[in-house]
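Chains, contacts and geometry: an overview
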Amino acid sequence: MNVRWMPLALAATLLACASVKPTEARRDVGEMIERRVGVANAVPEEQDAESRARVRDRVAELMTQPLTMERALQVAMLNNRALRATLEDLGVAQADLVQAGLLQNPVISGDLVNSTKGNGIGGGLALSQSLLSVFLIPAKQNMAKTRLRHAVVTVGQAALMLARDVRVAFVRGQAAEQALGLHRSRTQAAEVANELAQRQFDAGNITPLDQQLFAVALDRARVDLADAQLVVTVAREELTRLLGLWGEDVAWTFAAPLDSALPPETELGSLEQQGMRDRLDLSAVRYETQSIAYALTLRRRGMLPELNVGLSARNEVGNDVGHEWVLGPSLSLELPIFDPGHADIARIQAYLRQAQHRLQDAAIHVRSEIRVHRAVLVAARRKVEYYERTILPRTESVTELTLQQYNAMLVGTYQLLETRTDQIDARQDYVEALRDYWIARSELELAVGGRLPAGGK
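Conventions adopted
Residues numbered from 1 in each chain as written. Predicted model: local features only at pLDDT ≥ 70, side-chain atom pairs only at ≥ 80, totals over all residues. Heavy atoms only, no water. Helix = DSSP H or I, 4+ residues; strand = E, 2+ residues; numbered from the N terminus. Buried < 20%, exposed > 50% of the residue type's maximum accessible area, 1.4 Å probe, protein only. Contact = heavy atoms within 4.5 Å. Patch = residues over 30% accessible without salt bridge, like charges linked within 9 Å, V, L, I, M, F, W, Y side chains within 5 Å. Areas by Shrake-Rupley, 256 points an atom, 1.4 Å probe, with all protein chains shown as cover. Salt bridge = Lys/Arg side-chain N within 4 Å of Asp/Glu carboxyl O. 1 Å grid on protein atoms, 1.4 Å probe; cavity = no way out; pocket = protein on both sides within 12 Å on 5 of 7 lines; lining within 4 Å. Points joined across faces, edges and corners; volume = space filled by probe spheres on them. Nonpolar A, V, L, I, M, F, W, Y, C, P; charged D, E, K, R; others polar.

It is worth spelling out the overall build of the protein at this point. Each helix and strand counted, the protein has eleven helices and four strands in total. Every one of the 457 residues in the protein was classed for burial, and the buried ones make up 40%. Of the contacts made within the protein by residues no fewer than 6 positions apart, 78% connect residues no fewer than 24 positions apart.

Rendered as structure tokens:
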């Protein structure tokens, strides 16, 4: 490189240095979350105290109302500490990008010598700069940019996984509370049956065995009710953790029960195409492969001998004219005799082939995951629809017919209560089927890398 171009190269390098703040990367993640999760302004571009205060105020505002799925997702994206910690990976990658655009620091060296003839003390100073580092800057920047993009999609994938976890925890909490209500109804029916059986036993109308059977049924209903209460507590705490809440904010309530309106499903071919295009973990593997390719390019360029140029000044002693400062250019050249770099090249090439195989394997797994999750979703949908079309109407019909016969004194109270209990059990099974459907849909959304098409195309 011509020495006269070095100042220009240095100036261009300094101008190319980006800010260490990952503002643009955080903006990219925010847009990604808005497009794939449906939550806007989830990632503040700044990380100062004022920005954090706005986030706290927004979370407090959202928690003043009963939770909907959309509101829970907003709170989680803003307030989940694990996601906040993952976002800091952007700052690390941005700093690496800035570092990649900098020249190596110049090296200053000196020595001090004493004349053996008693002519005095001399020495010198030298300032040198690596020329090879200048040529390597573009390759380093390309690799750092790729790693920054890898960090962006990795953070985006973490946000999608959080969204999936929030959706799953949300519907589990809704289902648990609905199941608790049904367990209370069943316990009340068991209490009525047990009280009636006790009266009839006292009157001598039933045997001790029959009376004890109703008491056992009541005991079982109460134990199941206690289990259902614990399930509600655990489900609420799981969602509370994901939302990053504590203190008074944990006393939230659901705005509505499980949604029974099922959206239309999407064709498998469209889902596979969406997954191959939008899966962020697949994009992360692509960026990892590209980063290794840049590392290979960087290493190949680095096989050039290390060349340092600079300026040297020395105070010579022991000559005829006495002490004299001499000034001139300096040059040092590495001799790649023992380590020419072939082993490093072979190692990076192996890493690159390994990454390429992993990319192909990831693509195969993505398609398989989509097929499996869609099959689970379709099966869950059919189960819900069967309950809605057949099982629930039939249990309601049985209850109504039994009530008619009870009014006509054709069946007894116990049979009516048993029929009512069967109806409650069927309703509880329906709630669980509905819960499983929404969980399966959340898993499929994660598998395709974003929200499913609303129209089911």
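With that settled, the discussion passes to a nonpolar patch on the surface. A cluster of nonpolar side chains, namely Leu333, Leu335, Ile337 and Phe338, defines an oily patch on the protein surface of about 530 Å² accessible area. The exposed category is assigned to Leu333, whose relative accessible area is 53%.

This next bit is on the layout of surface pockets. Taken as a whole, the largest pocket spans an internal volume of roughly 630 Å³. What lines the largest pocket is a set of 26 residues, and nearest its centre among them are Met69, Glu70, Arg167, Asp259 and Trp438. Mapped by element, the contributors of at least two residues to the lining of the largest pocket are α4 (69-79), α6 (132-202) and α11 (413-448). Counted by class, the lining of the largest pocket contains 15 nonpolar, five polar and six charged residues. Of the voids in this model, the second largest pocket is the one considered here, and its volume is about 390 Å³. Listing elements by their share of the lining of the second largest pocket, those giving two or more residues are α6, α7 (208-243) and α11. If one sorts the elements of the lining of the second largest pocket by residue count, α7 sits on top with six residues.

Here we come to the pattern of salt bridges. Taken as a whole, this structure holds 22 salt bridges when the rule is applied. Between Arg54 and Glu50 there is a salt bridge whose closest N-O contact spans 3.3 Å. On the criterion of helical spacing, the pair formed by Arg54 and Glu50 is a turn pair, its members being four residues apart in helix α3 (residues 49-62). For Arg54, a relative accessible area of 48% translates into the label partly exposed. Given a relative accessible area of 54%, Glu50 falls into the exposed group. For Glu191, the salt bridge goes to Arg222, with nearest N and O atoms at 3.7 Å. Of this pair, Glu191 sits in helix α6 while Arg222 is found in helix α7, placing the two residues 31 residues apart along the sequence. A single network of salt bridges, built from pairs that share partners, joins Glu265, Arg381, Glu385, Arg389 and Arg441.

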